[in-house]
Amino acid sequence: FFRMSRTSRARSAAHITARELTLSRFARTIVRGLNLTVSPESKIALVGENGAGKSTVLSALAGTLEPSSGEVSAHGRIAVAEQELSADNGRTVDDAVDFAIRQSRAALKDLDRAAEELSEGLAGADDHYAEALDRATAIDAWNAELRVSIALESLGAETRRDRPLRELSVGQRYRVRLACLLGGDAEILLLDEPTNHLDAHGLDFLTASLTGRNGGFVVVSHDRRLLADVAETFVDLDPSSDGRPRVYGGGYSAYLTSRAAETARWEQLHAGQTAEADRLRGKLSEAQSRLSTGWRPEKGTGKHQRASRAPGVVQAVKRRQEELDAHTVAAPEPPKRLMVPDYKVSVGGTLLAADEVTVEGRLRTPVTFALSAGDRLLVRGPNGAGKSTLLSALTGRLEPSGGRVHCHSAAKIGVLTQESESDVPTLSMGQQRRRVLAGVLAEHPDVLILDEPTNHLSVAAVDDLTEALESMNAAVVVATHDRVMLDAYAHWPTVTIGG
């Protein structure tokens, strides 16, 4: 009982606390007055439009970004998974694992030393051993290696420990990092778009890991299914009536309901304020009219009488202006909807076709299909099966080793790859993604090929895109692991690659 009580106290001491946190990016305030406490019991989702500051808040909570004002205090074992992960020269998968479970290994070494002291009968050995055992038990140090190994396997990450990180793709590196975090020693996790680069099996493992986690987390994700499954508290960074972030409890459905109700109240308040402002504006106009003409007395009235009435009219104008200023209210900022252009495809016949297409060593499953305007194709399969390889072959960036690809000579092909960057470095990753996608759509492609199109987009943007792709006149090919999108497109013709 004593050890369990001490363990509980040690774990509950971990925290991240933000007080009146205000954050700026490129001289623009994006988050103002955030108050938030993250504990080992917290299951928090940061939500908001692209550019609302979700990744910026995570950086501040992690201590890698200095607040413009307010403060962040932190204690305990905190780990961060960023959207991008660079590969340091010479570092291997095993190095990443060592770092993730370094506290467990240190605790076990300390326990071994304490056991030796106990066997030698040294003074204070009993207390040292009890404390060392408490620390090892608190983080389940004996199973740390196994936890990471299971996570590497379940996420489809590289399991060869001697493999240099620089040899891995962006997606492979991220899965290694995520596996180390999920299986590692951290009490609190800060996760930025953890579903990127995960297939269905990996998504299921991530969901189960966070749901059953004996520790807290803050997650930023566009994956609506993940948010619904794992998060209990939602911190909404989108505009509000007073400009401050909103915190909602009760899970995803309660968040959506509460957010909609608050937005409706804000819009109602704005409508009332606007009506009042219109009324006051009319009163101001009347006062201004009296100032220019209305206060002038009839002919023959003395100058003194005219002069004595003028200040009163001027004061009335000033008072009306002050009343008008006092009744202005910031209009609710409309949602940044993802606008997909409505256009017709003029090219007839088959726009894009594949006949038994394979790529040696990368796409073993032969693929055959033919698409005309308005046709749809969903590409499914686990990581590494060859989905992106197939799309590269369809766009001509990769030559098939078997079969052939036919593209209509007059057809315009629009392509969105898994990872994309714009030429505007001041934008967030989500804003960059929206910009690149908008650029592809603005070209009015006859065939639209999208590889993991939901990566980095906001939940609202994903909803808009999911709906828009259903009605486009272009032929559309989508490769995705997004579970809500897969459900929405379950009726599409499907190519399944690999297992």
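Throughout what follows, the structure given in this document is the object of discussion. (Residues numbered from 1 in each chain as written. Predicted model: local features only at pLDDT ≥ 70, side-chain atom pairs only at ≥ 80, totals over all residues. Heavy atoms only, no water.)

**Quick word on the packing of aromatic side chains**
Okay, step 1: This structure, assessed with the given rule, holds five aromatic pairs.
Okay, step 2: Taking 4.9 Å as the distance between ring centres and 5 degrees as the angle between the ring planes, the aromatic pair formed by F234 and Y255 counts as stacked. Placement of F234 in strand β8 (residues 233-236) and of Y255 in helix α10 (residues 251-294) is noted, with a sequence separation of 21 residues between them. Across the pair, Y255 and F234 agree in class, each one buried.
Okay, step 3: Where Y252 meets Y255, the ring centres are 6.3 Å apart and the plane angle is 35 degrees; that geometry is what we call tilted. Taken as a pair, Y252 and Y255 lie in helix α10 at a separation of three residues, close to a single helical turn.
Okay, step 4: By relative accessible area, which is 15% here, Y252 ends up buried.
Okay, step 5: Grouping aromatic residues by their ring pairs yields a cluster made of F234, Y248, Y252 and Y255.
Okay, step 6: Lying over the aromatic face of F99, R102 brings its terminal NZ or CZ to 3.7 Å of the ring centre. (Phe/Tyr/Trp six-rings, centres within 6.5 Å; stacked < 30°, edge-to-face > 60°. Helix = DSSP H or I, 4+ residues; strand = E, 2+ residues; numbered from the N terminus. Buried < 20%, exposed > 50% of the residue type's maximum accessible area, 1.4 Å probe, protein only. Lys NZ or Arg CZ within 6 Å of the ring centre and 35° of its normal.)

**Side note on the sheet that holds strand β7 (residues 216-220)**
Okay, step 1: Taken together, six strands build an open sheet; the order of strands is β5-β6-β7-β3-β8-β9 and the sheet is mixed. The sheet is open, and its two borders are formed by β5 (78-81) and β9 (246-248), each paired with just one other strand. Averaged over neighbouring strand pairs, the angle between their axes works out to 15 degrees when direction is ignored.
Okay, step 2: Relative to strand β6 (residues 188-192), β5 runs parallel, the two sharing four bridges. Across the sheet, A81 pairs through a bridge with L191, a residue of β6. (Pairing = 2+ DSSP bridges. Axes fitted to C-alpha atoms, helices over the stretch in contact; angles between N-to-C directions.)

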